[in-house]
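Working through the structure, step by step
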Amino acid sequence: MTRSIPITAPAADSPPPPHRPVESRSRRRSRRVTAHPVAGALFVLPFFLVVVAFLIVPLGYAFWLSLSSKSLALGTRFTGIDNYVRAFTDPVLLDGLLRVVLFGLVQIPIMLGIALAGALTLDAVTTKFALAFRLIAFMPYAVPAVVGALMWGFLYSRTFGPFADLPTFVGGDPIDFFSSSLLLLSLGNIVTWAWTGYNMIILYSALQGVPREMYEAAVIDGATPVQIALRVKVPAIKQAISLAAIFTVIGTMQFFTEPAIMARFAPQISAGYTPNLYAYNQAFAYSDFHYSAALSFALGFLVFVVAYAFVFINRRRGARS
Amino acid sequence: MTIGGAGNRTTVKTRLPHVLMAAGILYFLVPLLWVVIAATKSQPDLLDSPALWFAEFNLVENIEQLFREDDGVYGQWLLNTALYSGLSALGATALAAAAGYGLARFSFVGKRLFETALLGMIMVPATALVLPTYLILSELEIVDTMWAVILPSLLSPFGAYLVRVYVAESVPVELIDAARIDRAGELRIFWQIAVPMMRPAIVTVFLFTLVATWNNYFLPLVMLSDADLYPLTVGLTTWFNTAQQEAGTRMLFNLVVTGSLLAIVPLVVAFVLLQRFWRSGAAAGALK
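Residues numbered from 1 in each chain as written. Chains lettered and ligands numbered in written order. Predicted model: local features only at pLDDT ≥ 70, side-chain atom pairs only at ≥ 80, totals over all residues.

Within chain A, the secondary structure is distributed over 13 helices and two strands. Counting every position in chain A, which comprises 321 residues, the buried fraction comes to 42%. At a minimum sequence separation of 6, the contacts of chain A that also span at least 24 residues come to 66%. (Helix = DSSP H or I, 4+ residues; strand = E, 2+ residues; numbered from the N terminus. Buried ≥ 20, exposed ≤ 12 C-beta atoms within 10 Å, placed from the backbone. Contact = placed C-beta atoms within 7 Å.)

So this is what it looks like as structure tokens:
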């Protein structure tokens, strides 16, 4: 079933259907039908309390913590932005950051490209087979990242998996999926496997919301399905594509589970392989909570700024066209 | 609904897409097939027999051993996971539903500001929150309890956002006003009129928060140290670590594999069965 739900992100630029006029009209009619400000606030209150307790307070606490340091000689003392200066001159963090950015630059376009192609195919082909494809592609989403990484780890390994020894049948050397040169590709494959179907469903749902009238004319004019897909459908769901991209970027910047599991197969995955792994290890391997707080706050801030800027620019562009 | 229309032309034109989709099915299915096949093997067979074909059928023994190992801790992990994700998803969905409805259908002081902030909250990465939350909860002495996993999981700004958009689109103001004229209380209007109309959005938020908690690794890893409190994700990795350290001396690899299979079956089944519900809600997720 297809609901006509806007594909644009609403909140600021498309307020809910005008209910004010209705309410003011009815206010004249009856006192009972008012804006009910108290009731409205009460509906939001429980959610708001959770936001305060598990978002605002932790963020504030992390920031406060990051402004001080603890040492054996001097105890805990206020050090201002020292932790941040240390972070952004820390070669381990910078290496990890660079690695994650490189990873994202390759993996995200590939994954979203496949997801988009899949969504366009599903939108144009409606056979039983396409239905099966849609369902199976989505399945990995329900598999915990831990289990996904373990499964691929087994599949990559020489002792358990079928792939590493394939070249030996034609006289080649076995593939080492955990070697430094292949490791990022191996990790990228795990993430692609897990998230392509999810993104495909999101984009497919957006496509279902595109009114058919938009390309009926093109069909009559003899445009091929591929032309229609690229010239009409893709532009129509631009907003959904960029939002899928931004959520993928947010996820990639927090890269943790897959490298943490893969470290068991590939020992060269160090404590600072990704920024998130580094922040975790600073806290739980080295007990440096102050530096760890600075790392997670800085990383969170970076992700937030990039994501928000992206959404903001996107929306301005959307408003202009 | 095929665009090409006339039968013959379409079948020729869809051959390439079908070949590509077949390749996709193979790619997405192979790891799952592997885990199904591997779960039927004993540890020696797991190491020696061809990876993508069956050896001696050992699934029943594996499952028996799985629930016996370490005094049946796997069953405990399974229960914990169901409990944590069930309670978190219920709570998060209830909060998101009420908040989304309140934001979409009421006006009150600070609403605009809160709505703008909501979009920002969606962008805050969990990384920035988990460590400070751990420190705060350890001050309150509730780390290493189930609440340390459940309470932070109640936060779902995206859920509230999704419900808000959905209500704005599909719960008519006129209907609510009519109910008010009939002197229905606000809670009753919400429960008896709005909630049934919001069902697709609610099911979607529930399923997605359920999966998020069921699959979560980082949060329980940080919060819990008592093995009896672990969810499946953390429990399986500790077994896997032990299996590697004591390579071969203890039969654990087959348990990790069988345990993985049992960990994914409930969610895959839930998603397939509830397809009808979440797909209509996911349309709203398209704006994500």
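A count of helices and strands for chain B gives 15 helices and zero strands. The C-alpha atoms of chain B give a radius of gyration of 24 Å, which is well past the 19 Å a tight globule of 288 residues would have. With respect to the three principal axes, the spread of C-alpha positions in chain B is 70 × 70 × 35 Å. Burial analysis of chain B (288 residues in total) assigns 51% to the buried set. Put simply, of all contacts in chain B between residues at least 6 apart along the chain, 73% involve residues at least 24 apart. (Rg over C-alpha atoms; globule rule 2.2 N^0.38 Å.)

Our next topic: the interface of chain A and chain B. Taken together, the contact between chain A and chain B spans 102 residues of the former and 91 residues of the latter. Of all the elements, helix α2 (residues 37-66) of chain A adds the most residues to the side of chain A that touches chain B, at 18 residues. The class makeup of the residues in the side of chain A that touches chain B is 78 nonpolar, 21 polar and three charged. (Nonpolar A, V, L, I, M, F, W, Y, C, P; charged D, E, K, R; others polar.)

Moving on: the confidence of the model for chain A. Residues and elements named next belong to chain A. When pLDDT is averaged across chain A, the result is 85; 88% of the residues are at 70 or more. The secondary structure element of chain A with the lowest average pLDDT is helix α1 (residues 20-29), at 43, and the one with the highest is helix α4 (residues 91-124), at 95. Per-residue pLDDT stays below 50 along residues 1-34; that stretch engages in 56 contacts with residues further than four places along the chain or on separate chains. (pLDDT = per-residue confidence, 0-100.)

This brings us to unusual backbone geometry. Residue and element names in this part refer to chain B. Positive phi, close to 55 degrees, is recorded for D71, a residue that is not glycine. The residue D71 is located in helix α4 (residues 59-105) in this model. The residue R183 is not glycine, and still its phi comes out positive at about 65 degrees.

A separate point is the environment of I122 of chain B. Relative to the helices and strands, I122 of chain B resides in helix α5 (residues 111-123). Look past the residues within four positions of I122 of chain B in its chain and what remains in contact with it is P157, F158 and Y161 of chain B.

Our focus in this paragraph is the pairing of strand β2 (residues 75-78) of chain A. Two strands pair when backbone bridges link them, and strand β1 (residues 68-71) of chain A and β2 of chain A are joined in this way by four bridges, in the antiparallel orientation. Residue S69 of chain A lies in a different strand from β2 of chain A, and its bridge partner there is R77 of chain A. (Pairing = 2+ DSSP bridges.)

Attention now moves to α4 of chain A. The end-to-end C-alpha separation of α4 of chain A is 49 Å, in line with the 50 Å expected for 34 residues at 1.5 Å each. Helix geometry: α4 of chain A is bent most strongly at G104 of chain A, by close to 30 degrees. (Expected span 1.5 Å × (residues − 1). Bend = angle between axes of the 7 residues up to and from the residue.)

Let us now look at helix α14 (residues 253-273) of chain B. With 21 residues, α14 of chain B should reach 30 Å at 1.5 Å per residue; the first-to-last C-alpha distance of 31 Å fits that figure. Restricting attention to buried positions, one finds in α14 of chain B the residues F253, N254, L255, V256, V257, T258, G259, S260, L261, A263, I264 and L267 of chain B. Structurally, α14 of chain B contributes buried residues whose contacts are with α6 (145-156) of chain A together with α2 (15-38), α3 (43-48), α4, α11 (199-215) and α13 (232-245) of chain B.

Let us now look at the packing of α4 of chain A against helix α7 (residues 180-208) of chain A. Angle between the axes and distance between the axes are the two parameters that describe a pair of packed helices. All names here are of chain A. In contact at an axis separation of 7 Å, α4 and α7 are set at 40 degrees when each is read in the N-to-C sense. As α4 runs across α7, the sense of the crossing is right-handed. When the residues that make up the contact of α4 with α7 are grouped by side-chain class, the tally is 17 nonpolar, six polar and one charged. (Axes fitted to C-alpha atoms, helices over the stretch in contact; angles between N-to-C directions. Left-handed = near helix turned anticlockwise from the far one by under 90°.)

With that settled, the discussion passes to the nonpolar core. In summary, soluble globular proteins display a tendency toward joint burial of nonpolar side chains. Core analysis: the largest hydrophobic core is formed by 180 residues, its most contacted members being L203 of chain A together with V163 and V256 of chain B. Among the elements that make up this core, the one with the highest residue count is α7 of chain A (15 residues). Discounting residues that sit within four places of it in the chain, V163 of chain B has contacts with A96, A97, G100, Y101, M198, A201 and V205 of chain B. (Core = buried A, V, L, I, M, F, W, Y, C linked by C-beta atoms within 7 Å.)

In this section: the environment of L182 of chain A. Residue and element names in this part refer to chain A. Secondary-structure assignment places L182 in helix α7. Remark: the alpha-carbon pair of L182 and E213, spanning 31 residues in sequence, is separated by 47 Å. Apart from the residues lying within four places of it in its own chain, the contact partners of L182 are D176 and F177.

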